[in-house]
Amino acid sequence: MGIGELDREAHVPEATGVGAAPRTLAEALRAGDDGGIAALLRARPDLLAPVPNDLTQLATRAGTRGSVVRALERLDRFALQTAEALAVAPDPAPYPVLLALLTGDADAPEIEAALPRAVAVLREQALVWGDDERLRLVRTARELLAPSAQHPSPTGLGPTVAEATAGMSPGRLQEIIAAAGLPATHDPVSAVAALTGLFTDRTRMAALLDTAPPEALTVLDRLVWGPPYGEVTATPTPPVRWLRDRGLLLPVSTRTVVLPREAALHLRGGRAHRSPEPVAPVVATAREYRPQVVDSAAAGQAYTALATAEELLKSWDQGGPPVLRAGGLAVRDLKRTAAALDTPEPLAAFWLELLYGAGLLASDGEADERYAPTPAYDDWLDLPPAERWVALVVPWLDATRTPGLVGTLDGKGRALATFGPGLDRAAAPEVRRRVLALMATLPPGAAADRASVLARLRWDRPLRGGSGGPGTEPASAAGGTPADLRARIAEWTLDEAELLGITGRGALASPARALLNLPLAEAAPDPAHPGDCEPSVAASRAATLLAPLLPEAVDHVLLQADLTAVAPGPLRRPLAEVLSVLADVESKGGATVYRFTPGSVRRALDAGRTASDLHDFLTAHSRTPVPQPLAYLIDDVARKHGHLRVGAASAYVRCDDDAVLGEILADRRSDPLRLRRLAPTVLAAQADPATLLDGLRAMGYAPAAESAAGDVLITRADAYRTPPRTAPAPVPDGPPAPDATLLTAAVRAIRAGDRAATVVRKEPSAPLAAGALPRTSAAETLATVQAAALTGSAVWIGYVNAEGAASQRVIAPVRVEGGFVTGYDHTADEVRTYPLHRITGVAELEDGEA
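Being a predicted model, the structure only gives us computed values, none of them experimental.

The rules we used
- By convention here, each chain's residues receive numbers from 1 onward along its written sequence.
- Per-residue local features are limited, in this predicted model, to residues with pLDDT of at least 70; the limit for side-chain atom pairs, both in listing and counting, is 80 or more; totals at the level of whole chains, interfaces and linings are taken over all residues.
- Processing note: side-chain calculations cover all non-hydrogen atoms of the structure and skip hydrogens and water entirely.
- For the purposes of this entry, the term helix denotes a DSSP run of H or I that reaches at least four residues, the term strand denotes a run of E that reaches at least two, and both are numbered from the N terminus.
- With a 1.4 Å probe rolled over the protein chains alone, any residue whose accessible area is under 20% of its type maximum counts as buried; one over 50% counts as exposed, and the rest are partly exposed.
- Here, two residues are considered to be in contact whenever any of their heavy atoms come within 4.5 Å of each other.
- Each accessible area value is a Shrake-Rupley result obtained with a 1.4 Å probe; residue values ignore everything except the protein chains displayed when judging cover.
- What counts as a salt bridge is simple: a side-chain nitrogen of Lys or Arg found within 4 Å of a carboxyl oxygen of Asp or Glu.
- Every axis corresponds to a line fitted to the C-alpha atoms, with the helix fit spanning only the stretch in contact, and the corresponding angles, defined between N-to-C directions, vary from 0 to 180 degrees.
- Throughout this description, any angle smaller than 35 degrees is read as roughly parallel, any larger than 145 degrees as roughly antiparallel, any in the 65 to 115 degree range as roughly perpendicular, and the remainder as oblique.
- In a left-handed crossing the near helix is turned counterclockwise from the far helix by less than a right angle, and in a right-handed crossing that turn is clockwise.
- Each residue gets one of three labels, nonpolar for Ala, Val, Leu, Ile, Met, Phe, Trp, Tyr, Cys and Pro, charged for Asp, Glu, Lys and Arg, and polar for the others, Gly among them.
- Between any two strands, at least two bridges found by DSSP are needed for them to pair.
- What a helix is expected to span follows from its residue count: subtract one and scale by 1.5 Å.
- Working note: the arc is built from the helix axis to C-beta atom directions.
- Only Phe, Tyr and Trp rings are paired, with Trp represented by its six-membered ring, and only when their centres lie within 6.5 Å; those with planes under 30 degrees apart are stacked, over 60 edge-to-face, the remainder tilted.
- Polar contacts, as used here, are pairs of N or O atoms within 3.5 Å; protein pairs need one atom able to donate a hydrogen and one able to accept it. Residues neighboring in sequence count only if both atoms are side-chain atoms.
- Nine residue types can take part in a nonpolar core, namely buried Ala, Val, Leu, Ile, Met, Phe, Trp, Tyr and Cys, and a core is a set of them joined through side-chain atoms within 4.5 Å.

Caption draft 1: View of the overall build of the chain. In terms of regular secondary structure, the chain is built from 35 helices and 25 strands. Expressed as a percentage of its 850 residues, the buried residues of the chain come to 47%. For the chain, the proportion of contacts with a sequence separation of at least 24, taken over those separated by at least 6, is 65%. Surface summary for the chain: the accessible area is close to 39,700 Å², and the carbon and sulfur share equals 55%.

Caption draft 2: Just the pattern of salt bridges, in detail. A complete count under the given rule lists 35 salt bridges for this structure. With its nearest N and O atoms 3.7 Å apart, the salt bridge here joins Arg74 to Asp733. Remark: Asp733 occurs in the loop between β20 (704-705) and α34 (740-758) and Arg74 occurs in the loop between α5 (65-73) and α6 (77-88); sequence separation between them is 659 residues. Asp733 sits in the partly exposed class, given a relative accessible area of 28%.

Caption draft 3: Structural context of the packing of helix α28 (residues 573-582) against helix α30 (residues 611-621). Direction vectors running N to C along α28 and α30 enclose 130 degrees, while the axes themselves pass 12 Å from each other. Judged on the interaxial angle alone, α30 and α28 are oblique. The two elements α28 and α30 meet at a crossing, and its hand is left-handed. Across the interface between the two elements, Leu575, Val578, Leu579 and Leu582 from α28 touch Leu614, Phe617, Leu618 and His621 from α30. Grouping the amino acids of the contact of α28 with α30 by side-chain chemistry returns seven nonpolar, one polar and no charged.

Caption draft 4: Local environment of the side chain of Gln81. By the element assignment, Gln81 lies in helix α6. Overall, Gln81 belongs to the buried group, its relative accessible area being 6%. Among residues more than four places away in sequence, those in contact with Gln81 are Leu102, His273, Ser275, Pro276 and Glu277.

Caption draft 5: Representation of the sheet that holds strand β5 (residues 256-258) in the model. Spatially, three strands are ordered β3-β5-β4 in an open sheet, and the strand pairing comes out antiparallel. Because the sheet does not close on itself, it has two edges, and the strands there are β3 (229-231) and β4 (250-251). Relative to β5, β4 runs antiparallel, the two being bridged by two bridges. Across the sheet, Pro251 pairs through a bridge with Val257, a residue of β5.

Caption draft 6: The pairing of strand β15 (residues 592-595), seen in detail. Inspection of the sheet shows strand β13 (residues 564-567) paired to β15 by four bridges, in the antiparallel sense. Along β15, the bridge assignment pairs Thr564 with Arg595. Where strand β14 (residues 584-587) and β15 come together, three bridges link them in antiparallel fashion. Bridge pairing in β15 places Asp584 opposite Arg595.

Caption draft 7: Summary view of helix α35 (residues 778-791). Its 14 residues give α35 an end-to-end C-alpha distance of 20 Å, which sits within 8% of 20 Å, the value for a rise of 1.5 Å per residue. The complete set of buried residues in α35 reads Thr781, Thr784, Val785 and Ala788. The buried residues of α35 occupy one face: seen down the axis, they fall within an arc of 90 degrees. Exposed positions of α35 whose direction lies more than 90 degrees from the buried face are Ala779 and Leu790.

Caption draft 8: Structural detail: the packing of aromatic side chains. In the structure shown here, the tally under the stated rule is five aromatic pairs. A ring pair is formed by Phe350 and Trp351, whose centres lie 5.1 Å apart and whose planes are at 55 degrees; its orientation type is tilted. Take Phe350: its relative accessible area is 4%, and that puts it in the buried class. A residue is classified by how much of its surface remains accessible, and Trp351, at 5% relative accessible area, is buried.

Caption draft 9: Layout of the environment of Ser315. Within the secondary structure layout, Ser315 lies in helix α17 (residues 291-315). Within the structure, the side chain of Ser315 is placed 2.6 Å from the backbone oxygen of Leu312, a separation counted as a polar contact.

Caption draft 10: Molecular detail of the sheet that holds strand β22 (residues 806-817). Read from one edge to the other, the open sheet built from five strands follows the order β24-β23-β22-β21-β25, with strand pairing classed as antiparallel. Two strands lie at the open edges of the sheet, namely β24 (830-835) and β25 (839-844), each paired on one side alone. On average, each strand axis in the sheet is tilted by 45 degrees relative to the strand beside it, whichever way the strands run. Pairing of strand β23 (residues 820-825) with β24 involves six bridges; the strand directions are antiparallel. Paired with Thr822 across the bridge in β24 is Thr833.

Caption draft 11: Main features of unusual backbone geometry. Put simply, Asp91 and Pro92 share a cis peptide bond, and its omega is 0 degrees. Cis geometry marks the peptide bond from Gly226 to Pro227, where omega comes out at -5 degrees. Assignment of secondary structure puts Pro227 in the loop between α14 (214-223) and β3.

Caption draft 12: A look at the environment of Ala553. Here Ala553 lies in the loop between α27 (535-546) and β12 (558-560). Given the relative accessible area of 32%, Ala553 is considered partly exposed. When sequence neighbours within four positions are dropped, the list of residues in contact with Ala553 reads Pro570, Leu571 and Arg572.

Caption draft 13: Looking closely at the nonpolar core. Formed by 94 residues in total, the largest nonpolar core has its most connected members in Leu41, Leu58, Leu72, Phe199 and Leu248. Of the residues forming this core, the biggest block, eight residues, is contributed by α6. What Leu41 contacts, discounting residues up to four positions off in sequence, is Leu47, Leu48, Leu58, Pro738, Leu743, Ala746, Val747 and Ile750. Listed in part, the 73 residues of the second largest apolar core include Leu334, Leu354, Tyr377 and Leu442.

Caption draft 14: Summary view of the environment of Ala114. Examined against the element boundaries, Ala114 turns out to sit in helix α8 (residues 109-124). Sequence separation between Ala114 and Pro278 is 164 residues; the distance between their C-alpha atoms is 5.8 Å. Contacts of Ala114, omitting those with residues within four sequence positions, involve Phe78 and Pro278.

Caption draft 15: Focus on the packing of α28 against helix α29 (residues 598-606). At a closest axis distance of 7 Å, the pairing of α28 and α29 adopts a crossing angle of 125 degrees. For the element pair α28 / α29, the angle class is oblique. Together, Ser580, Val581 and Leu582 of α28 and Ser600, Val601, Arg603 and Ala604 of α29 make up the contact between the two elements. Residues that form the contact of α28 with α29 fall into these classes: four nonpolar, two polar and one charged.

None of this, on its own, says anything about what the molecule does.
Shown next as structure tokens:
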């Protein structure tokens with residue numbers, strides 16, 4: 001009996017005898033222990049939504065196409081090859097037959113050692129059931145993996161002789177067995193059996209092939225490993241005719257023939273696969289370094305990543321570029337960001353998506369929607385550098401948004417944009433963590449060989465990462481096949497991990513090992529600390545390990561006579577914020593060089609600083625005397641700053657010195673502003689205040705903006721933030737894995753429901769149709785439940801709830817009063833109360849049941 005027949009079992013339950021082989025998957029699950037059911041639900045969490053009522057429903061759900069496809073996609077290569085071998089084996093197949101299909105005629109100790117594990121995995125995931133004498137692949141999996149003309153098998157095998165000759169005339173069958181040297185039979189069934197026996201008999205099959213023309217053997221060699229189908233003409237060549245006459249090629253249509261499975265297996269030496277892969281590829285070492293070197297290199301990259309993130313966020317402090325109507329960032333704005341960061345556009349897209357995924361960048365939601373830093377950015381800036389790094393890396397690990405896809409085309413031919421829809425790939429978090437876990441299998445300080453990492457990923461998930469097959473998605477312009485996409489995500493992971501300082505020189509660093517709950521390198525401060533700790537604890541450990549490796553922040557600069565300042569290391573937060581306003585960054589590196597210009601000094605004055613404030617600040621934070629040129633620059637800009645005032649009329653300029661206003665009017669560069677004098681000290685402009693400010697500054701003046709009350713407007717670097725925003729939620733790759741509490745409760749509920757569904761009931765006076773509710777009068781119902789409450793026995797009831805849904809339940813009544821019966825419901829595994837008027841009928845159970 002297969003999966004499709006489980007509904008009948010649900011209506012006509014029959015207990016399996018002691019020691020009897022299970023006849024269905026439901027019986028196999030019923031005979032197992034709770035640990036096996038928990039393992040199944042853990043491996044296939046989609047079966048838990050919702051929790052099945054009983055084991056029959058669990059088995060039925062486990063055999064649905066969607067669930068089986070998801071389970072096959074999560075098999076490693078050898079477990080999948082084992083399932084594929086079972087799909088071409090007899091049903092059921094003894095374990096020795098399965099082993100022979102994988103090993104063939106040769107000795108294969110690796111396959112013999114690995115096969116029990118593969119079968120155990122298939123059993124655990126309910127893809128295979130039955131004992132070793134009768135291994136059965138669930139029907140849906142067999143349909144997905146078995147050979148057919150529409151869906152060739154990954155084994156390259158074709159149909160069996162019986163399948164290929166279905167519908168063939170009896171006369172033609174007799175001609176084939178006669179040409180093959182077999183005696184005539186009386187019916188087509190025995191003829192097919194005789195031909196099958198010939199092809200599966202190694203000795204007789206070898207003797208038959210010894211008589212074949214060499215050209216015929218060449219034809220077989222082209223078909224033996226698949227595809228097994230070939231085109232023939234209306235007048236086939238003699239070698240093809242020789243093969244067709246003896247059934248070694250059987251007709252599929254007038255122009256197509258196929259090599260039957262039994263003949264192909266003989267030619268292959270009994271193997272279902274050309275290259276069985278029982279052992280996972282080893283992740284090779286590309287190069288080895290001292291762990292301290294790896295940690296130092298990773299820490300340097302982490303510091304650079306933090307500096308890049310801060311620079312990008314600061315550049316959007318006053319509001320970033322607009323949001324496209326379809327969502328996302330325009331290509332021209334991505335180009336500007338890349339130019340500002342001095343990086344290629346794909347790398348700029350990665351930094352933007354990293355900050356977006358961490359919740360530090362978002363759209364403001366206004367009518368004229370723009371991107372800007374979120375309030376979380378200010379909190380992030382207050383964290384120590386190591387904790388800021390953790391706050392970036394943790395969201396990256398679990399993000400489903402894939403910045404590597406930016407610029408590619410979606411299924412409708414539209415380019416995917418940064419921050420836009422269509423970048424989520426549910427497989428990304430699993431691939432990232434798997435890549436890093438594979439790198440962690442190497443000794444500390446060892447850099448992994450990329451090709452070997454990709455090969456191992458393909459072995460781990462062949463249907464998702466290498467060979468295609470059941471459940472694979474169609475190719476798309478945005479990502480190609482799932483195999484291609486997973487390989488590309490793995491490549492991006494290796495590159496991004498190096499950029500973030502997760503790896504150093506290609507090897508996993510100690511802070512990343514701590515963050516991933518992996519054993520630490522020997523060079524770590526706490527090598528004895530085990531993994532498997534809480535995520536928050538792991539993040540704290542990672543920050544603790546990274547902190548001493550980052551360069552220590554300094555509280556001073558070195559002022560030079562050429563109007564520059566050299567920061568000998570990362571600056572402390574207050575100093576860095578003020579200096580970024582007072583000076584422009586000229587060059588970066590181990591020591592950052594700042595340059596003072598009239599524009600940068602004016603920017604500081606606009607932010608509310610006075611000349612004396614700037615002098616005191618530089619004197620307090622410079623290890624060298626303040627150079628005279630810098631002092632003159634500050635005083636000169638401050639003397640002019642605010643001499644002109646710009647406000648909103650449309651816009652106006654006012655100044656106590658009317659000669660200055662006359663000078664502005666006489667300057668041809670002021671023509672675009674269309675100024676005219678309203679009073680000796682006031683000019684009106686037909687331009688907005690911002691344009692007027694920029695125009696006057698371009699002419700060499702230092703105007704200040706003022707409010708409607710006449711006060712100077714002070715602009716600050718943190719003037720614009722979005723409303724509170726949450727980071728984009730990852731797109732789940734199927735249901736989440738259940739925790740131990742949910743598994744325990746689910747197993748108890750399924751067992752309880754199964755006991756209730758399979759309990760043996762006394763035969764009623766009138767036989768019930770399958771699935772029908774018991775029917776008794778109100779008086780009989782009341783008398784039966786009262787008697788059960790007195791004797792402590794259980795009864796079977798039919799119940800209709802307030803919504804009209806009918807169900808069957810097994811209850812043990814403990815109290816009957818006020819028109820209600822209260823008892824332990826074996827189906828729900830809890831005490832419940834039922835109105836008597838909603839009970840359709842009641843029946844007693846056989847002695848000893850429930």
